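Chain by chain, the residues:
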Amino acid sequence: MNRVHCVLLIAASLAALPNAPAAGQEIGSPFRFLDHNMYAGIRAGQLGTGQGRIGGGPQTGPIIGADWAIQVTGPFMAGVEIAFAPANRTVRDTTFMQADSVFTPLGEADMNLLLAFANLRFNVTGTRTWHSLQPFMVIGLGAAVDLAGASELDADVPGNARFDYGTSFAGQLGAGVEWFPSTRIGVRLDARNVLWKLEVPEAFLLTEHGRTLPASEWEQNYLVSAGISVHF
């Protein structure tokens, strides 16, 4: 066999090899880039509330909500959120059940709490996921509103002893993680500290035994929720 035949035989053998990359050239990465910059989602959870020293604030209960956000730059997203918590509150008289005890409860009243926030979300992994997970932190400013208003029980106490929740400034700070089973669908778990102010009626300031109550109290409330979002 001459030299030309050898060259042709080697070339034919190489051409017959499967056209696949070498295994050593493939480097797996736990990160995956996301090609969207906006999402809308819903969530549900539990709102654990602080009821203040008087014990007239909203009680712990369920909460549902919806949110929307858009990427503003890098890992930051700006959005809006609205949530509804159907809660109860205790209507109290200014008299004590016994000395140095709690104010007399007269019964339960509805308190339909509406929360609205403008949020800033920071994605820890930026525009990528790590093993399909994207941890995040969120901070928001907004308002808390009682949609239920006064109840029939409120008529049983003096006017200056009635809680008027109205609208209060509210803020929140929290963190969570979002799992992406697909590139467009995310499942979220998060926990937040929600802060709002309770106004104390004047009559309670005058009847507190041996103590001076503030005219208003900032209450910390803890929210844990799960939700699903669509990214586009």
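None of these values were measured; they are calculated from a predicted model.

Scoring rules and cut-offs
- Residue positions are counted from 1 within each chain, in the order its sequence is given.
- Two thresholds apply to this predicted model, a pLDDT of at least 70 for residue-level local features and 80 or more for giving and counting side-chain atom pairs, whereas whole-chain, interface and lining totals are computed over all residues.
- Remark: hydrogens and water are excluded; side-chain values derive from all non-hydrogen atoms of the structure.
- Strands here are runs of E lasting at least two residues and helices are runs of H or I lasting at least four, both read from the DSSP assignment and numbered beginning at the N terminus.
- To sort residues, take the accessible area from a 1.4 Å probe on protein chains only and compare it with the maximum for the residue type: under 20% means buried, over 50% means exposed, and anything in between is partly exposed.
- Contact criterion: two residues are considered in contact whenever any of their non-hydrogen atoms come within 4.5 Å of each other.
- Accessible surface is estimated by sampling points in the Shrake-Rupley manner with a 1.4 Å probe; for residues, cover comes only from the protein chains shown.
- We treat two strands as partners when DSSP finds at least two bridges between them.
- Here a polar contact is taken to be a pair of N or O atoms separated by no more than 3.5 Å, where protein atoms must pair a possible hydrogen donor with a possible acceptor and residues adjacent in sequence count only if both atoms sit in side chains.
- A pair of aromatic rings is counted whenever rings of Phe, Tyr or Trp (Trp by its six-membered ring) have centres within 6.5 Å, and the orientation is called stacked for planes under 30 degrees apart, edge-to-face for over 60 and tilted otherwise.
- In this description, a nonpolar core means a group of buried Ala, Val, Leu, Ile, Met, Phe, Trp, Tyr and Cys residues linked to one another through side-chain atoms lying within 4.5 Å.

Caption draft 1: Examining the overall build of the chain more closely. In terms of regular secondary structure, the chain is built from two helices and ten strands. Evaluated residue by residue, the chain yields a buried proportion of 37% over its 232 residues. Partitioning the contacts of the chain with sequence separation of at least 6, the portion at a separation of at least 24 is 68%. Working note: accessible area of the chain is about 12,800 Å², and carbon and sulfur atoms make up 63% of it.

Caption draft 2: Inspection of the pairing of strand 3 (residues 61-73) at higher detail. Pairing analysis gives ten bridges linking strand 2 (residues 38-48) to strand 3, with the strands arranged antiparallel. Residue pairing for strand 3: Gly 45 is matched across the bridge by Ile 63. Hairpin connection between strand 3 and strand 4 (residues 76-96): a loop of two residues separates the two successive antiparallel strands, and Gly 74 in this loop has a positive phi of roughly 50 degrees.

Caption draft 3: Just the side chain of Gln 134, in detail. Relative to the helices and strands, Gln 134 resides in strand 7 (residues 133-146). Within polar-contact distance, the side chain of Gln 134 engages the backbone oxygen of Arg 128 at 3.5 Å. With near-sequence residues (within four places) excluded, Gln 134 lies in contact with Leu 34, Arg 121, Asn 123, Thr 125, Gly 126, Arg 128, Thr 129, Gly 176, Val 177, Glu 178 and Phe 180.

Caption draft 4: Geometry of the packing of aromatic side chains. This model, assessed by the stated rule, comprises five aromatic pairs. Ring centres 4.8 Å apart and planes at 90 degrees place the aromatic pair Phe 103 and Phe 204 in the edge-to-face group. Linking Phe 103 in strand 5 (residues 103-123) with Phe 204 in helix 2 (residues 202-207), this pair joins segments that are 101 residues apart in sequence. The same class applies to Phe 103 and to Phe 204, which are both buried. Relative to Tyr 165, the ring of Phe 163 lies with its centre 5.6 Å away and its plane at 15 degrees, an arrangement referred to as stacked. On the accessibility criterion, Tyr 165 (14% relative accessible area) is buried.

Caption draft 5: View of the side chain of Arg 89. Turning to its location among the elements, Arg 89 is positioned in strand 4. Residue Arg 89 is classed as buried on the basis of its relative accessible area, which comes to 2%. Side-chain polar atoms of Arg 89 contact the side chain of Asp 154, separated by 2.7 Å.

Caption draft 6: Geometry of the nonpolar core. Residues Leu 47, Ile 54, Ile 63, Leu 113, Leu 115, Trp 196 and Phe 204 are the most contacted members of the largest nonpolar core, which totals 25 residues. Listed by contribution, the elements that provide at least two residues to this core are strand 4, strand 5, strand 9 (185-199) and helix 2. A total of five residues in this core trace back to one element, the largest contributor, which is strand 5.

As far as function goes, none of this settles anything; it's purely spatial.
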